[in-house]
Structures are given as structure tokens and as C-alpha cells.
Amino acid sequence: MNLKHIVSTSQFLDRTLLKRIFGLADRLQKADEKNIVPKLLKNKILASVFYEPSTRTRFSFESAVLKLGGGVITTESAGHFSSAIKGESLEDTIRVVGGYADVIVLRHPEKGAAERASRVSSVPIINAGDGHGEHPTQSLLDLYTIQQELGRIDNLTAALVGDLRYGRTIHSLIQLFSVCKNTRMFLVSPKALRLPPVYASFLQKHKITFTEHGNLERVLPEVDILYMTRIQKERFLSLRLYNKIKKSFFVGTAVLKLLNKKAIIMDPLPRVQKIAPEVDEDPRAVYFKQAKNGLYIRMALLSLLFKKAGF
Ligand code: NCD
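About the criteria used
- Residues numbered from 1 in each chain as written.
- Predicted model: local features only at pLDDT ≥ 70, side-chain atom pairs only at ≥ 80, totals over all residues.
- Heavy atoms only, no water.
- Pairing = 2+ DSSP bridges.
- Helix = DSSP H or I, 4+ residues; strand = E, 2+ residues; numbered from the N terminus.
- Axes fitted to C-alpha atoms, helices over the stretch in contact; angles between N-to-C directions.
- Phe/Tyr/Trp six-rings, centres within 6.5 Å; stacked < 30°, edge-to-face > 60°.
- Near = heavy atom within 4 Å.
- Polar contact = N/O pair within 3.5 Å; in protein donor to acceptor, adjacent residues only side chain to side chain.
- Areas by Shrake-Rupley, 256 points an atom, 1.4 Å probe, with all protein chains shown as cover.
- Nonpolar A, V, L, I, M, F, W, Y, C, P; charged D, E, K, R; others polar.
- Buried < 20%, exposed > 50% of the residue type's maximum accessible area, 1.4 Å probe, protein only.

### Focus on the sheet that holds strand β1 (residues 45–50)
- Here we have four strands laid out as an open sheet, ordered β2-β1-β3-β4, and parallel in their pairing. Where the open sheet ends on each side, the last strands, each with one partner, are β2 (71–75) and β4 (125–130). Strand-to-strand twist of the sheet, defined as the mean angle between neighbouring strand axes without regard to direction, takes the value 15°.
- Bridging between β1 and strand β3 (residues 103–108) involves five bridges; their strand directions are parallel. Note that in β3 the partner of S48 across the bridge is V105.

Written as C-alpha cells, this is what we have:
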């Protein structure tokens, strides 16, 4: 395996590689709990360059490199606080930051931005979300959470709910499901936010059975995974349409009653208006564990990038 950049989930469609990443994440988690994380990234500097807001992705990457003994340089709201505001191109920013850091974690509003960056970068680029494109590290922590919580990644029925059109976590997770055997999918969204044809074709090509729905209730008794996503307000050209559909799906006590007893409720977060606070107490709610797993998956990925995975 030769990972230089992490740009797309398509680089991870290999069960052996996933097993290696998940195993490493397990070991790093155990070491972290005992406070004995090996300093695999000593003297390495991670630059987080985020042109869009983030809580989990940025903090977990920064925490990951610090725990592994490295350091962080960062710019929040890179669109305002980096030279982008002076008109510097993404390519030039990447060329320059690559001289100060050993790895760049990039979040950008344009689809394809991480790929563009990787073409000019002298150091590894990690895609932390490129507009409505992909979010590969999120899909890895999602599947890792599924493995941990359900004890398997095969023979699963998943409902992917919300903004399937613009939700980059969905576009990545859909691809990752192609390594799982015998997956059945319910795609639940408002009509305007259906899964783009390119991903629907991907599912067909990989023989993943899916049906599209406008209603959540009907699918609840059958699912192992209820994966909620936020309607991506920032991608809408018309706020009128956003306001019309922003409350399409909501998980509250009524949904909990109908949901399969053995299911798990996942969400890349933020929850905004889609999950009631009382759901947090339900044992099926795993979204905060999912967020925590992001730390260990990102520690594992950084170790792999720097070929320190022998741990
Ligand atoms: C997601 C994102 O940025 O795509 N958040 C995350 O990274 N955990 C989901 C979202 O913002 O809705």
C-alpha cells in the first residue's frame, strides 16, 4: 500500500487495507486509554487549512497529531485569515504551506479542491471535505464505528437519510459500502436532494440493492443503521427551497419507538434540528462515540501516511 495523499474514499476500497487501519485505530485507542501513545510523529508538523467551518474534523486531526508527538500550525476560516483574501490561489497557498508543514489537512468549499491541491503539493494532502464532493476520513470512521458497534460490516441494512445530494459524508460512505457483502440500502431524502446519478450508478455497479423513499417511518423497523445527515444549507442557491425542506426528517421519541431494537443511530454531526436531545440517552444512539472514533482513525491514518504503522 502506498498512500501519498488522502483525497477520495476510492483509495480505500480494499478490505485488507481497512482491516489494517481499523486494527491500528484499535491499538492506538488502547494505548491512549493507558496514556502510552507512541510518539510516532515526533518532529512532524500538521497544517490544518480550513476554508469552511469544522469542529470534529479539525480538532480530531489536531489532537491526533499532538497525541502522536507532532505539532500543529493552523488557520481558522482560511478564506478570511489566509492570503486567499488577498487573491492568492489555492495552489500557491498549498505550495507555500508545504514548506512549513509535513502534512496538510484541507477543507474547502469547492468539489475537487483536495485533488487540485494534491497535484501541486510537496507534502501529503488530506481531504477534510471538498464542498459537496467527498469526506474520506469521515467514511472510514463511520465504517469503523459500524464494525465496533454491530460487530460486522456485512449483511447490513442501512437507511441514509437527509441531504443525499450535497452531503459529502454520504458520497464517501456509499463508496465504502462497496467493500461490504450483502448490503441493502434505503435512500431517504426530499425529492430535491436525491442521491446524484453518479453514486446511484456506483451502487448499481457494485450490486448494492437500494430503494429511494420520501418517508422515514416506513423503513425504520428494518434497518441496522440509521444514518442521519444535515440538510447542507450552505450549498443551496435558493434559501426558499432550503427553508421548505430543512425540517424534512427528525429523530425523536416517535422514531425511537418504530426503530429496530438492534439498530444504531449515526450522524456525522452537527445534529442541528434533526435529533432531539432525549435521543442521546437511548443505547442505540452512537453519534458521540462515532465522533470520538474520528480521533483514533485519524491517528491511524497519519501513522500510515508517515509509514509508522508498525506499531
Ligand atoms: C460533516 C461535514 O463537514 O461534511 N461534518 C463533519 O465533518 N463531521 C457533516 C455536516 O457538516 O453536515
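### Topic: the packing of aromatic side chains
- With the rule as written, the count across this model stands at four aromatic pairs.
- Taken together, a centroid distance of 5.5 Å and an interplanar angle of 70° make the contact between F236 and Y242 edge-to-face.
- Put simply, the rings of Y166, F236 and Y242 pair up and form one aromatic cluster.

### So, the site of the ligand
- All residues in the neighbourhood of the ligand are listed as R56, T57, R107, H135, Q138, R168, T169, R230, Q232, P268, L269 and P270.
- T57 has a polar side-chain atom sitting 3.0 Å from an oxygen atom of the ligand.
- At a separation of 2.9 Å, an oxygen atom of the ligand approaches a polar side-chain atom of Q232.
- In isolation the ligand has 320 Å² of accessible area, and contact with the protein removes 92% of it.
- Every element with two or more residues in the shell around the ligand is listed here: α2 (56–67) and α7 (168–176).
- Residue classes in the shell around the ligand are distributed as three nonpolar, five polar and four charged.

### A word on unusual backbone geometry
- Following L269, the chain continues into P270 via a peptide bond in cis, with omega recorded as 10°.
- By the secondary structure assignment, P270 is in the loop between β9 (264–266) and α11 (287–305).
- Phi at N155 is positive, roughly 55°, even though this residue is not glycine.
- Residue placement: N155 occurs in the loop between α6 (136–150) and β5 (157–161).
- Residue classification places N155 among the partly exposed positions, given a relative accessible area of 46%.

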